[in-house]
Amino acid sequence: MTAWSSIINNAIIYIIVDIALYGSAAHEKRQSDIYRSVRTLDDLTEQLKNEGFQINRSAAYTRLMPKRSLSSEGKRHVTTVPVKLIRAQNDAHSKHIDGRFCTATLNHLEEVASMLGPGEVCFISQDDKARVPIGLTAANKQAPFLMHVEYRVTLPDHDWVVAAKHKLIPSVYAGIEIQKDGLGKPEAVTYSGPTYIAIRSGKHCSSSAYAHGLDYERLLELEEFDIITKDQSNKLVKPVLMLSVDGGPDENPRYQKVIDVAIHHFLKQNLDALFVATNAPGRSAFNRVERRMAPLSRELSGLILPHEHFGSHLDSQGRTIDEELEKSNFKYAGETLSEEWTQATLDNFPTVAEYIVPEVSELETESLLTKDQDWYKNHVRTSQYFLQIVKCHNENCCQPIRSSYFDIVADRFLPPPIPVCQTTGGLKAPDASESDLHRFPSLFFNQSLKLDNMLPRSAKAFKILPYDLYCPSIQSSLVERICKICHLYVASQVMLKKHVQLHRQRDLGPGQLAHAPPQPQRIRPVQVAAKRHIELMAFIAHREMLSAEWLDEDDVDLSDMLVPEGDINDKSATMPIVTIEEHLASPWEDDRR
């Protein structure tokens, strides 16, 4: 190689390194820490030509680190730079027909939060991070297509889990800072704030509604979260709580355990309003807490959590032989992980990570504050993706109001999102079955609509508009969730049966209650189609027809029933039931099946 060729080759090498290090830009929508611009070999070749080098694609490729250096193709890479190409990641997110509807709900919450301001609203985004294995490399993936490599990561000589359930469960809570004087602008609800991570043993604990309830009470004790959870003028808990969750079985706002824990917080903290909202299935990656996940994963790169610090608790078959030693080893691994994450600073806000011991990892069910169905009817509204708990104006029932919420939402509960389209006859709300591409206006515009003139004929059959009126996936089961006495809409058949019992007791009267047949507390399905974690896809009989619905396992009577193992991704899958007229024809449903 001549001296001139050597100079050219070295110049190309330096340019490639510069491109890999500095020639990229952040993700277009700031939705991840992935850097994009020069992403592929073609992009690299084009950029080198822009720098003045006449080089073809294969010549550029041979100057990168090969995929396998010992292969015949890899031996062609003689003079290389510490830059390599990695395979594309399967991280694209599929769309869901309920996506726009759920986004409208979240936007309405953000409008309320920005209007009330940081003095009255506590906004928290919550999700469980992927379980972290112990005894293995916690994270070993990199994101850019063109990656700069100048170090070697040493890995263990195995890539399998040391034993069953030897993982840690991190529950991440992102405190969301709300800018002052946003006055209805959703962008006033930012993506920044302190982060709390509760780490639990995957062998001795589970991610449940009661575990998340305990974590919220811990947030109220942390100084780092005072700016999020408490009014700085009087140090009282803010009167309006908004929770954005991922919709899993431990957080789904339509599951009874989640509602019970929410009612407990509502009563204990004297809240004016509590909201729990989730995105459509498969869309939880757009939750605010997901912005914290990538930096947390980066802290785990190359980290191996010890699984036998105090000695091995496993035999040669990987079975536990000493439970107390096992708990001690899990605790040490969890505390090691918490120390690593506590050092992280995200957007100049602190991160607090703690290991939660199994003995006190959940709220005690006996300590939960509860209310009867009569209170539930007046203070709780449920829907497919949204839970609302709001104070009433009766001073004999609820404590005095502490916020301005009722000044901007006169009807107490947020109204259902109503799409609007421009037609030759003026502004109209389309039929719910026409399209899944509805455009939903803002909350405050929504409240000003004269719905009697705008709603389609099909919607006027409802005396009270259900919140899920324009939720596409449940149109077939919408009517069967409505009480035929008071026209209250609920989120499941289980809730409706409990609600109907309230009317039965009132109609029977005190003297007849003793002779009334006991009502079943659980749903008896015709068949269970699939099981996923603590959820069951159950087929429920209703007026000689069947409806399929995801239910909490504790709400289903499984005696003498076969429960198959399965996985159905679409939680909202249902079957056509009945028409509005058929459902409203009789005042009672036959719930004795």
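Preceding this paragraph is the structure being described.
The paragraphs below set out a description of the structure included in this document. (Residues numbered from 1 in each chain as written. Predicted model: local features only at pLDDT ≥ 70, side-chain atom pairs only at ≥ 80, totals over all residues. Heavy atoms only, no water.)

**Things to note about the pairing of strand 10 (residues 273-278)**
For a regular strand, side-chain orientation follows a simple rule: the groups alternate between the two sheet faces. Most of strand 10 sits out of view: six of its six residues are buried. Here strand 10 shows no split at all, with Ala273, Phe275 and Ala277 on one side and Leu274, Val276 and Thr278 on the other all buried. At this point the chain moves from strand 9 (residues 240-245), through helix 7 (residues 256-268), to the parallel strand 10, and the crossover so formed is right-handed. Judged from the five bridges that link them, strand 10 and strand 14 (residues 386-390) form a sheet pairing that is antiparallel. When the bridges of strand 14 are listed, Ala273 appears paired with Val390. (Buried < 20%, exposed > 50% of the residue type's maximum accessible area, 1.4 Å probe, protein only. Helix = DSSP H or I, 4+ residues; strand = E, 2+ residues; numbered from the N terminus. Right-handed = clockwise from strand over helix to strand, strands pointing away. Pairing = 2+ DSSP bridges.)

**Considering helix 9 (residues 323-342)**
Between its first and last C-alpha atoms helix 9 spans 28 Å; for 20 residues at 1.5 Å apiece the expected length is 28 Å, and the two agree. When helix 9 is considered as a whole, its buried residues turn out to be Leu325, Glu326, Asn329, Phe330, Ala333, Gly334, Leu337, Ser338 and Trp341. Where the residues of helix 9 are buried, they touch strand 5 (132-133), strand 7 (167-176), strand 8 (195-201), helix 8 (290-299) and strand 12 (349-355). (Expected span 1.5 Å × (residues − 1). Contact = heavy atoms within 4.5 Å.)

**Comments concerning the environment of Asn394**
Here Asn394 shows up in the loop between strand 14 and helix 11 (405-408). Of the residues examined, Asn394 reaches a relative accessible area of 39% and is grouped as partly exposed. Here Asn396 takes part through its backbone nitrogen, which lies 3.0 Å from a polar atom of the side chain of Asn394. (Polar contact = N/O pair within 3.5 Å; in protein donor to acceptor, adjacent residues only side chain to side chain.)

**Observations concerning empty space enclosed by the protein**
Scanning the model with the defined rule gives nine cavities of 30 Å³ or more in all. In this structure, the largest cavity spans a volume of roughly 250 Å³. As for the largest cavity, its lining consists of 18 residues, and the residues nearest its centre are His212, Gly213, Leu243, Val245 and Val261. Contributing elements (two or more residues each) for the lining of the largest cavity: strand 4 (121-128), helix 5 (209-219), strand 9, helix 7 and strand 10. The element best represented in the lining of the largest cavity is helix 5, accounting for five residues. (1 Å grid on protein atoms, 1.4 Å probe; cavity = no way out; pocket = protein on both sides within 12 Å on 5 of 7 lines; lining within 4 Å. Points joined across faces, edges and corners; volume = space filled by probe spheres on them.)

**Things to note about helix 7**
Given a rise of 1.5 Å per residue, 13 residues ought to cover 18 Å, and the 18 Å separating the end C-alpha atoms of helix 7 matches this to within 8%. Burial in helix 7 covers these residues: Gln256, Val258, Ile259, Val261, Ala262, Ile263, His264, His265 and Phe266. One or two steps after helix 7, the chain reaches Asn270, where phi turns positive at roughly 55°.

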